[in-house]
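# Analysis of the macromolecular model
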Amino acid sequence: MLSGEPDPAAEQFDDLPFAVPYAERLAATLRAYQSGGFGVTLLLDPDRDGIHTAVQALLDDTAVTARLVHVISHGRSSRQRDYVEVVGRCRRAGGNDVRGWVSAAEDSGVPTLFLVDLCGAGRGADLQFAHEPDAGEQMAWVIAACRGDEPAWDGAFTNVVTRILAECGRDGLGTDTRTSHVPLVEFARRVADALQGQTLTATKAQFHLTPDLPFLPNPRYVPDPVADRIAAVDPGLQPFLSDAVADPAHFRTRAGLHFTGRQSFLDRLVPWLDGAAGGGLWLVTGTAGAGKSALLGALVCAAHPQLAAITGHVRAALDDPPALLPALLAVHARQRVLTEILSSIGRQLGLPAPVGGWTAAELIAVITARPEPPVLVLDALDECLEAGAVQSLLLMPLATAQRPDGTAAARVLVAARPWEQFAPLRRHAEHLNQVSDLDTADPGQLRRDLRRFLISALGGLPAAEQLATGVAARLADNHAGNRDDPPITRWGQFLVAARYAGYLRTQPAADDAAVARLLAAVPQDLPQVLELELAEHPQRQQLRTALTALAYAKGAGMPVELLRVIAPVLGPTDPDLFTGDDIRVYLRLGTDDNGVSLLRLYHQGLADYLRPALPHLPSDRPADTGLRVFDALIATRRTDSGATSWQYAPAYLRRHAIQHAADAGTVDDLLHDAEFLLHADPITLLPELDHAVTAEGRLGAAIYRSVHHLLPADEQARRRLLRLTALRYGGAHPAAGPPSDNRP
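My aim in this report is to walk through the structure given alongside it, one point at a time. Quantities reported herein were computed from a predicted structural model and do not represent experimental measurements.

### Examining the pattern of salt bridges
A side chain with one charge can pair with a side chain of the opposite charge if their charged atoms come near. Summed over all chains, the structure comprises 32 salt bridges. Among the ionic pairs, R611 bridges to D663, the shortest N-O distance being 3.4 Å. Of the two residues, R611 sits in the loop between α23 (604–610) and α24 (622–635) while D663 sits in helix α25 (residues 651–664), which places them 52 residues apart along the sequence.

Written as structure tokens, this is what we have:
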């Protein structure tokens, strides 16, 4: 629908030559939307009555499952009556008030989304509810091109909406594959982030009240009841499930899916978990890929009541499974800070968080006072962002804490690589004779365990037993021969076996000569497996670049939106690889608060190998490459004027940009950026404040440190508080605003 644009003084409406082609382009995008099924009606240059008739007919049709209404035209608004109406070809007033349409849609009972490209469009987005609607009650939503007091320029909103809709139709904006529709909050964020010169305005009722709104189908949706059950588990627990419930078609060679062996370690650990002997600390250690996570994952999945209900096959595979432990707490520490770990433990205990969040001492005191001592399992301490603080403030004090009757306050099971920084944990565990060093496994037992695992992983292949026997022998011999090497140079044999099994499934042995060739090529570490896999891939350079981009992902992973941004600075790239099947075997998947998939490599050791391995770049120093990655990410925040915009940045950047800055040695740049401080996640920002070097960076760190705990949720209130704090520090920081604004 389109017509003219009002002159505020003379009520004159000029022609909008761009409106018809923009509307036609948007209609074509909707028709081409993969899996969309949109029935599109395009109304070009109608008069007032034509607009009214068409919209009323649509709102009267309650047989549809959802409606999407887009309008690009002139808007006639009134401050007194606080409305905006669509102006038709005839320029006559009355009859097409956007807010009236929205009210009618709300009463119709059919979910309806309005995309409104008019001057003053925001007046139609301010819905009035007698009470805040509950989940499932709201039926109408508005995404408007601008505020009620702003003009909408040159169809910019429609242009951006068309582009984002096209991306929706291709890959669902990276939406998690178990979500049937693209979350409206993510769609609106992407539109707002791309829109410059006007302020996107949306209905105040929160989109997340009904996260799976039926407007924009996710073309990558795959129903997965198990994944839905995993989504209900605390985020700190979810990584323990990633192997145990992996998709067999793509992840069948992972150790967790075929967990077997380690019986000598299980024979000691299971009774301890069940309450035998003393409590305190038990340390599981070993090199990368030795099977620490597989061992802890099997125990957690077998003993945790909520997880055991999802992964019954893991419990059934254990000869002597642990008892179900209602007081079992489990946290995967990879890329988490201390406060996140404490929050996860508190949630799993069912405790309300105190104001300001938990401290380690407070949480330990609560645990010590509980009627039953819990079991805390913490995996991947070596991948924790604050491993030293977690060790000294949480793990050691909890492992040594006692209840009033003198018994241990908890049983603490920790997995970490054999690094010197964890010597205090190891000494304490050795004093209790409670260390499981997977690198010291008996070679004969290791060979038998590897063979059993490989027979399971290679089931159905020609010569599966012959291959399993030969590969197991070679890996066990290599393990024995490298036992005295530095830990950093050794790789766990189960991880190598799992990955090589995946390679063997793509290279079935047709005869004895082929078997001999495959046994002669048995890799000794994970990088060798990767190189074998890459050598067979038709896009080996592009796949290597994609994997290298994934190696730079922080936290739970990076969204595809940003992986496609950093890949070109790392090498030849194919952006479609990130959503294709070829890369899935290398991935661990997560989901952010907007329902967008987060991708990272399945093992930290692979990331460690790929990050410095960039011989085609001018410099192979990781810091230089980290700077390229950081610059590419920050370029997405630059506006046409050269300023930075963080309000609608992806959640990943608000959370992890400061960590990428630390990798690149540019922390000061972000600490001097007032908009970044306004929108950054304090959980990851606070630990990096001490890395400020310049006077400007130290000033920004001081301002943020002094006020972060007082920052409210409302953006304008945060801005005012940061400004007042910056003024108190002398007004030299950009957060203080222009000097002309710094009046008493």
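Past the structure itself, the notes keep going.
### Topic: the sheet that holds strand β10 (residues 328–332)
The 5 strands are arranged β10-β11-β12-β9-β13 in an open sheet whose pairing can be described as parallel. Looking along the sheet, the strands with just one partner apiece sit at the ends: β10 and β13 (435–437). Averaged over all pairs of adjacent strands, the angle between their axes in this sheet comes to 10 degrees, without regard to strand direction. As defined by bridge partners, strand β11 (residues 375–379) adjoins strand β12 (residues 411–416) across 4 bridges and the pair is classed as parallel. Directly across from L376, in β12, lies its bridge partner V412. Sheet strands touched by helix α15 (residues 423–431): β9 (280–285), β12 and β13. Its angle to β9, the strand with the most contacts, is close to 115 degrees.

### Topic: empty space enclosed by the protein
In this structure the tally under the stated criterion is 2 cavities of 30 Å³ or more. Of the volumes computed, that of the second largest cavity is approximately 160 Å³. Along the wall of the second largest cavity there are 16 residues; nearest its centre are A290, L438, A441, L446 and F494. Residue assignment for the lining of the second largest cavity shows that the elements contributing at least two residues are α8 (263–273), α16 (443–457) and α18 (493–505). The dominant element in the lining of the second largest cavity, judged by the number of residues it contributes, is α16, at 3 residues. Residues of the lining of the second largest cavity, tallied by class, amount to 7 nonpolar, 6 polar and 3 charged.

### Some points on helix α3 (residues 98–108)
When we look at burial in α3, the residues that qualify are V98, R99, W101, V102, A105 and S108. Lining the buried residues of α3 we find α2 (48–60), β3 (67–72), β5 (83–87), β6 (112–117) and β7 (140–144). Between the side-chain oxygen at the start of α3 and the backbone nitrogen of R99 there is a gap of 3.1 Å, and the oxygen is on D97. Directly beyond the C-terminal end of α3, a positive phi value near 85 degrees is found at G109.

### Examining the pairing of β9
The buried count for β9 comes to 6 of 6 residues, which makes it a mostly enclosed element. Two strands pair when backbone bridges link them, and β9 and β13 are joined in this way by 3 bridges, in the parallel orientation. In the sheet register, L283 faces β13, and the bridge partner there is V435.

### What to know about the nonpolar core
Counting 64 residues, the largest nonpolar core has L547, L550, F578, L601, L670, F676 and L685 as the members making the most contacts within it. Aside from chain neighbours lying at most four places away, what touches L601 is L547, L550, A551, Y586, R588, L606, A607 and L610. Listed in part, the 47 residues of the second largest apolar core include V84, L195, L200 and F215.

### Some points on the layout of surface pockets
Size it by volume and the second largest pocket reaches roughly 760 Å³. What lines the second largest pocket is a set of 27 residues, and nearest its centre among them are G39, V40, T41, L58 and L68. When residues of the lining of the second largest pocket are traced back to their parent elements, those giving at least two are α1 (19–32), α2 and β3. Partitioning the lining of the second largest pocket into residue classes produces 19 nonpolar, 7 polar and 1 charged.

Rules used in this analysis
Residues numbered from 1 in each chain as written. Predicted model: local features only at pLDDT ≥ 70, side-chain atom pairs only at ≥ 80, totals over all residues. Heavy atoms only, no water. Salt bridge = Lys/Arg side-chain N within 4 Å of Asp/Glu carboxyl O. Helix = DSSP H or I, 4+ residues; strand = E, 2+ residues; numbered from the N terminus. Pairing = 2+ DSSP bridges. Axes fitted to C-alpha atoms, helices over the stretch in contact; angles between N-to-C directions. Contact = heavy atoms within 4.5 Å. 1 Å grid on protein atoms, 1.4 Å probe; cavity = no way out; pocket = protein on both sides within 12 Å on 5 of 7 lines; lining within 4 Å. Points joined across faces, edges and corners; volume = space filled by probe spheres on them. Nonpolar A, V, L, I, M, F, W, Y, C, P; charged D, E, K, R; others polar. Buried < 20%, exposed > 50% of the residue type's maximum accessible area, 1.4 Å probe, protein only. Polar contact = N/O pair within 3.5 Å; in protein donor to acceptor, adjacent residues only side chain to side chain. Core = buried A, V, L, I, M, F, W, Y, C linked by side-chain atoms within 4.5 Å.

By themselves, these are just geometric observations and shouldn't be taken as functional.
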